[in-house]
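# Working through the structure, step by step
The lines below spell out each chain.
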Amino acid sequence: MRSVDQGMQSIDESVKKLLSGGGKDIPLFKVFIPESVIEPLREVLLSGYIGEGPRVEEFEQQLALWFNNDNVLALNNGTATLQLALRLANVGYGDEVVSTAMTCTATNEPILAMGAKIVWADIDPWTGNINPDDVAKKVTPKTKAIMCVHWGGYPCDLDELNAIAAEHGIKLIEDACHAFSSIYHGKPIGSHSDFACFSFQAIKEMTTVDGGALVCKSKADRERGRLLRWYGIDRKSKRKDLRCEEDIVEYGYKFHMNDVTAVIGLEQLKYVGKTIEKHRANAARYNEAFKNLKTVRPLRYKDDRSSVCWLYTVRVKNRQKFMEHMKKAGVTVSQVHARNDLHTMFEDFRADLPGVDEFTSEQVSIPVGWWLTEKDLAHIINAVLEYERYLRPRIQEMKKPPRKYEKKMAHRPNL
Ligand SMILES: Cc1ncc(COP(=O)(O)O)c(C=O)c1O
């Protein structure tokens, strides 16, 4: 079998080829598929068993070690993990869920699918994460759950959010689709709240092509979820004629993972520690390089938690200009997600969200992932510094008092 380093080298080689070929831009995301996945994939594809089976179970056991939590369910995508979490939290028609607008719509569409109403809570404009003080204000007797999202992988204020959930006897659901392997208060995301939902979609920290994991605090939720992920049927129960004799108590979904995607996940777990290290190291380089800038400002993170740095988001003065400048420099940048609350499908839930207004007017993400070479990093940092040199004097100019006022001031004695 190939070692982790050999795998990384071959990936680096093919990425280098891609980056040097045809003057392509440095990408914001990149799919990581090690060549070593081909053999186990071939085996499972030709095994005669490709549905949910022993490889899914093995993948769940491996994930349990990553999450420090045995109650893992492997599902077919991250959106399904969110919908199943809402179902297990007993969110139903007419109930309220307090949620964040600053995320992928996949966070909030499942709330509508349950027939529930969204109550937006504001965010911290320097992290992108939901603000617990505003969450506390938005909880009503109809609230069944709080939904939080770890923007870019930076963990939310989980102690505060869990305290609010406990006070009201409601559930906290973490959309951790950006945060595989992030750490909060010394423990991995997936071991703090009632539910944590992960995505293994193509461009996430780790991919199974499509896939997800729902991690539950309670064994009972895990057991109920195990049935609901497959029509409410217990695949493990002994039966004489396939599943024909079993009564289904509660309707479910077709949300299970299969053995084909599970072997990809098992192979990915051998590499993901290394790829994540690269994300974190690249982010640290940016933090240092950008710490004194006035026009491109990193988000403000506490050191009691650590982001897996799926995104490196900055707040930028005159974002449109910045995006054009980076594009010219051959660097892909993006806002990644648009605020959800302005979509027509959510128009019944409109609210005043000054934190979202502030964040959304300046936020943009730059490439930070495992695929960046030393040359790419230097090039990106240089492009950002160039922007600072261009815009900073203009901003200072804009900040100067109007000329008339300046004249008056000039005649005042020095105080
Ligand atoms: C924050 C967030 N939540 C949920 C999802 C949905 O995950 P999936 O695409 O695996 O369904 C995504 C991304 O794709 C996401 O970024």
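Here we summarise the structure given alongside this text. Because the structure is a prediction, the values reported are computed rather than measured.

## Observations concerning the packing of helix α4 (residues 78–88) against helix α8 (residues 219–228)
One way to put it is that α4 packs onto α8 with a least axis distance of 10 Å and a crossing angle of 120 degrees. In this view, α4 runs oblique relative to α8, as classed from their interaxial angle. For the crossing formed where α4 meets α8, the hand is right-handed. Residue-level contacts link L84, R87 and L88 of α4 to D221, R224, G225 and L228 of α8.

## Comments concerning the pairing of strand β2 (residues 96–100)
Of all five residues making up β2, five are buried, and the element is well covered by its neighbours. Each parallel crossover has a hand, and for β2 linked through helix α5 (residues 105–113) to strand β3 (residues 117–121) it is right-handed. As paired elements, β2 and strand β4 (residues 143–149) share three bridges and run parallel to each other. Residue V97 lies in a different strand from β4, and its bridge partner there is A145.

## Points about unusual backbone geometry
At N68, a residue that is not glycine, the phi angle is positive and equals roughly 55 degrees. Considering the arrangement of structural elements, one finds N68 in the loop between α3 (54–67) and β1 (72–75).

## Comments concerning the environment of E43
Relative to the helices and strands, E43 resides in helix α2 (residues 38–45). Placed 220 residues apart in sequence, E43 and V263 show a C-alpha to C-alpha distance of 9.6 Å.

## Remarks on the sheet that holds strand β10 (residues 296–298)
Strands belonging to one sheet form pairs held by backbone hydrogen bonds; the direction of such a pair is parallel or antiparallel. With antiparallel pairing, three strands are arranged side by side in an open sheet as β10-β12-β13. What marks the edges here is a single partner per strand, and that holds for β10 and β13 (363–366). Ignoring which end each strand starts from, the neighbouring axes of this sheet average 45 degrees apart. In this sheet, β13 lies alongside strand β12 (residues 312–316) in antiparallel orientation, the contact comprising four bridges. Each residue of the ladder has a partner; that of Y312, found in β13, is I366. Each of β10 and β12 touches helix α10 (residues 272–290); the most contacted strand, β10, lies at about 130 degrees to it.

## Here we look at the site of the ligand
Neighbouring the ligand are 14 residues, the closest being G78, T79, A106, C177 and S199. Of all the secondary structure elements, the ones that give two or more residues to the shell around the ligand are α4 and α5. Here the residues of the shell around the ligand are counted per class, giving four nonpolar, nine polar and one charged.

## Observations concerning the environment of T275
Considering the arrangement of structural elements, one finds T275 in helix α10. In this structure, the C-alpha to C-alpha distance between T275 and G369, residues 94 residues apart in sequence, is 7.7 Å.

Rules behind the numbers
Residues numbered from 1 in each chain as written. Predicted model: local features only at pLDDT ≥ 70, side-chain atom pairs only at ≥ 80, totals over all residues. Axes fitted to C-alpha atoms, helices over the stretch in contact; angles between N-to-C directions. Helix = DSSP H or I, 4+ residues; strand = E, 2+ residues; numbered from the N terminus. Parallel < 35°, antiparallel > 145°, perpendicular 65-115°, else oblique. Left-handed = near helix turned anticlockwise from the far one by under 90°. Contact = placed C-beta atoms within 7 Å. Buried ≥ 20, exposed ≤ 12 C-beta atoms within 10 Å, placed from the backbone. Right-handed = clockwise from strand over helix to strand, strands pointing away. Pairing = 2+ DSSP bridges. Near = placed C-beta within 6 Å. Nonpolar A, V, L, I, M, F, W, Y, C, P; charged D, E, K, R; others polar.

Distances and angles like these do not, on their own, reveal function.
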